[in-house]
Amino acid sequence: MLGKGAPELPKLNAFNRVSQVIPVMSGKGGVGKSSVTAMLAANLARRGQKVGILDADITGPSIPKLFGLPAGGLRGSEQGMLPAVTGGGIRVVSTNLLLRDEAQAVVWRGPMISATIRQFWTDTLWGKLDTLLVDLPPGTSDAALGVLQNLPVTGVVLVTTPQDLAALVVRKAIQMIRQLNIPILGVVENMSYFRCPETQHEHAIFGPSHADVLAQEAGAPVAARLPIDPQIAALCDAGQAESIELEAIQPVVDLLLQPA
Ligand SMILES: Nc1ncnc2c1ncn2[C@@H]1O[C@H](COP(=O)(O)OP(=O)(O)OP(=O)(O)O)[C@@H](O)[C@H]1O
Ligand SMILES: [Mg+2]
């Protein structure tokens with residue numbers, strides 16, 4: 001069962017000031033959480049915010065790859081762990097930055113994963129951040145629950161796709177977030193449609209949208225519908241997530257720029 005009452009949150013390193021903590025969550029895997037996290041971070045940084053990403057996908061981290069950050073990029077200091085910094089100034093902490101080889105597997109059980117996420121929060125010298133985005137592994141796992149319970153979460157961004165299966169499992173995520181009394185800021189429907197470059201016609205490749213129904217269940221707005229765009233996949237694969245220009249994501253960026 002989910003814990004009752006407000007547990008004592010682990011203390012953040014005394015040097016840190018983090019104004020808002022925003023986990024990016026989904027039900028199903030592969031819906032684009034990490035890509036959306038990376039695009040949000042890049043846009044917030046472009047708009048002048050100081051941004052960090054805590055990669056809470058401990059066994060399947062993908063944030064460093066999206067920004068072209070090499071393995072072994074984390075440094076220690078007397079006061080704590082120093083994040084790796086992207087070209088656009090985004091501070092990143094991820095297990096893949098701790099490994100010597102990015103292809104090395106992290107074979108850890110739940111408690112160790114939860115402890116690592118807590119340490120990424122408490123032992124990192126994040127400094128002053130306007131927004132800390134937390135990229136979660138898919139679903140309502142220990143790791144997701146740990147983040148929602150142990151970090152002072154401002155609100156969650158929910159990512160889904162039009163597939164029925166994605167809608168089914170995102171409902172479980174909504175229930176979990178609700179049980180913890182955490183606000184859902186908005187629903188992002190990724191891979192919502194493909195716009196044909198010749199005709200400009202929008203094709204619902206993954207079927208009709210469920211975003212409105214889900215948003216209603218979540219008590220949150222549909223913050224954005226993002227197109228399937230081969231450029232997104234190509235730039236992510238090339239470690240150039242920071243150079244993606246996607247107009248459709250701006251409403252989500254605006255949502256996060258509003259004071260809590
Ligand atoms: N809107 C999009 N258009 C085209 N490709 C996309 C889009 N969003 C994400 N992708 C691609 O889809 C794949 C899955 O995306 P991503 O890794 O961000 O998903 P995820 O939800 O974080 O996955 P996981 O559950 O494994 O953590 C990646 O190859 C990514 O480049
Ligand atoms: Mg991911």
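Residues numbered from 1 in each chain as written. Chains lettered and ligands numbered in written order. Predicted model: local features only at pLDDT ≥ 70, side-chain atom pairs only at ≥ 80, totals over all residues. Heavy atoms only, no water.

- The protein goes by Iron-sulfur cluster carrier protein in an unreviewed UniProt entry, where it is assigned to Levilinea saccharolytica.
- Its UniProt record gives the protein a comment under Subunit (unreviewed entry), which states: "Homodimer."
- Per UniProt, the protein carries the Function (unreviewed entry) text "Binds and transfers iron-sulfur (Fe-S) clusters to target apoproteins. Can hydrolyze ATP." (UniProt positions renumbered as here; feature names shortened; annotations may be inferred.)

**Looking at unusual backbone geometry**
Turning to step 1, where the next piece is worked out: Backbone geometry places Met191, a non-glycine residue, at a positive phi of 55°.
Turning to step 2, where the next piece is worked out: The residue Met191 is located in strand β9 (residues 184-195) in this model.
Turning to step 3, where the next piece is worked out: Residue Met191 is classed as partly exposed on the basis of its relative accessible area, which comes to 24%.
Turning to step 4, where the next piece is worked out: Positive phi, normally seen in glycine, also occurs at Gln200, with a value near 65°.
Turning to step 5, where the next piece is worked out: Within the secondary structure, Gln200 is located in the loop between β9 and β10 (202-203). (Helix = DSSP H or I, 4+ residues; strand = E, 2+ residues; numbered from the N terminus. Buried < 20%, exposed > 50% of the residue type's maximum accessible area, 1.4 Å probe, protein only.)

**Thoughts on the side chain of Asn43**
Turning to step 1, where the next piece is worked out: Inspection of the secondary structure assignment puts Asn43 in helix α1 (residues 33-46).
Turning to step 2, where the next piece is worked out: Those residues within four positions of Asn43 in sequence are excluded, and the remaining contacts are Ile249, Gln250 and Val253. (Contact = heavy atoms within 4.5 Å.)

**Digging into the site of ligand 1**
Turning to step 1, where the next piece is worked out: Taken together, 17 residues lie near ligand 1, and Gly30, Lys33, Ser34, Ser35 and Pro227 sit nearest.
Turning to step 2, where the next piece is worked out: Residue Gly32 places a main-chain N or O atom 2.9 Å away from an oxygen atom belonging to ligand 1.
Turning to step 3, where the next piece is worked out: For ligand 1, the accessible surface in isolation is 630 Å², of which the surrounding protein chains cover 77%.
Turning to step 4, where the next piece is worked out: Those elements that provide at least two residues to the shell around ligand 1 are α1, β9 and α7 (230-237). (Near = heavy atom within 4 Å. Polar contact = N/O pair within 3.5 Å; in protein donor to acceptor, adjacent residues only side chain to side chain. Areas by Shrake-Rupley, 256 points an atom, 1.4 Å probe, with all protein chains shown as cover.)

**What about the UniProt feature "binding site: ATP" (unreviewed entry) in the protein?**
Turning to step 1, where the next piece is worked out: Per the UniProt entry, the sites bearing "binding site: ATP" (unreviewed entry) are Gly27, Lys28, Gly29, Gly30, Val31, Gly32, Lys33 and Ser34 in this numbering.
Turning to step 2, where the next piece is worked out: The residue Gly27 is located in the loop between β1 (17-25) and α1 in this model.
Turning to step 3, where the next piece is worked out: Using a relative accessible area of 11% as the deciding quantity, one classes Gly27 as buried.
Turning to step 4, where the next piece is worked out: Mapping Lys28 onto the fold places it in the loop between β1 and α1.
Turning to step 5, where the next piece is worked out: A relative accessible area of 23% places Lys28 in the partly exposed class.
Turning to step 6, where the next piece is worked out: Setting aside its immediate chain neighbours within four residues, Lys28 contacts Lys33, Pro138, Thr161, Gln163, Leu165, Ala166 and Val169.

**Observations regarding the environment of Gly88**
Turning to step 1, where the next piece is worked out: The residue Gly88 is located in the loop between β5 (84-85) and β6 (91-93) in this model.
Turning to step 2, where the next piece is worked out: When the C-alpha atoms of Gly88 and Arg46 are compared, they prove to be 7.6 Å apart, with 42 residues separating the residues in sequence.
Turning to step 3, where the next piece is worked out: Every residue in contact with Gly88, bar those within four places of it in the chain, is listed here: Ala45 and Glu242.

**Some thoughts on the side chain of Thr86**
Turning to step 1, where the next piece is worked out: For Thr86, the position within the fold is in the loop between β5 and β6.
Turning to step 2, where the next piece is worked out: The contact partners of Thr86, leaving out residues within four places of it in the chain, are Phe67, Leu69, Val92 and Glu242.

**Looking at the pattern of salt bridges**
Turning to step 1, where the next piece is worked out: Tallying each qualifying case throughout the model produces seven salt bridges.
Turning to step 2, where the next piece is worked out: Close ionic contact of Glu202 with Arg195 constitutes a salt bridge, the shortest N to O distance being 2.5 Å.
Turning to step 3, where the next piece is worked out: The exposure class assigned to Glu202 is partly exposed, which follows from its relative accessible area of 40%.
Turning to step 4, where the next piece is worked out: Residue class for Arg195 comes out partly exposed when judged on its relative accessible area of 39%. (Salt bridge = Lys/Arg side-chain N within 4 Å of Asp/Glu carboxyl O.)

**Examining the packing of helix α3 (residues 110-122) against helix α4 (residues 142-150)**
Turning to step 1, where the next piece is worked out: α4 packs onto α3 with a crossing angle of 35° between their chain directions and a minimal axis gap of 9 Å. For the pair α3 and α4, the crossing hand works out as right-handed. Along the contact surface, α3 presents Gly110, Ile113, Ser114, Ile117, Arg118 and Trp121, while α4 presents Asp142, Ala143, Val147 and Asn150.
Turning to step 2, where the next piece is worked out: Considering only residue class, the contact of α3 with α4 consists of five nonpolar, three polar and two charged. (Axes fitted to C-alpha atoms, helices over the stretch in contact; angles between N-to-C directions. Left-handed = near helix turned anticlockwise from the far one by under 90°. Nonpolar A, V, L, I, M, F, W, Y, C, P; charged D, E, K, R; others polar.)

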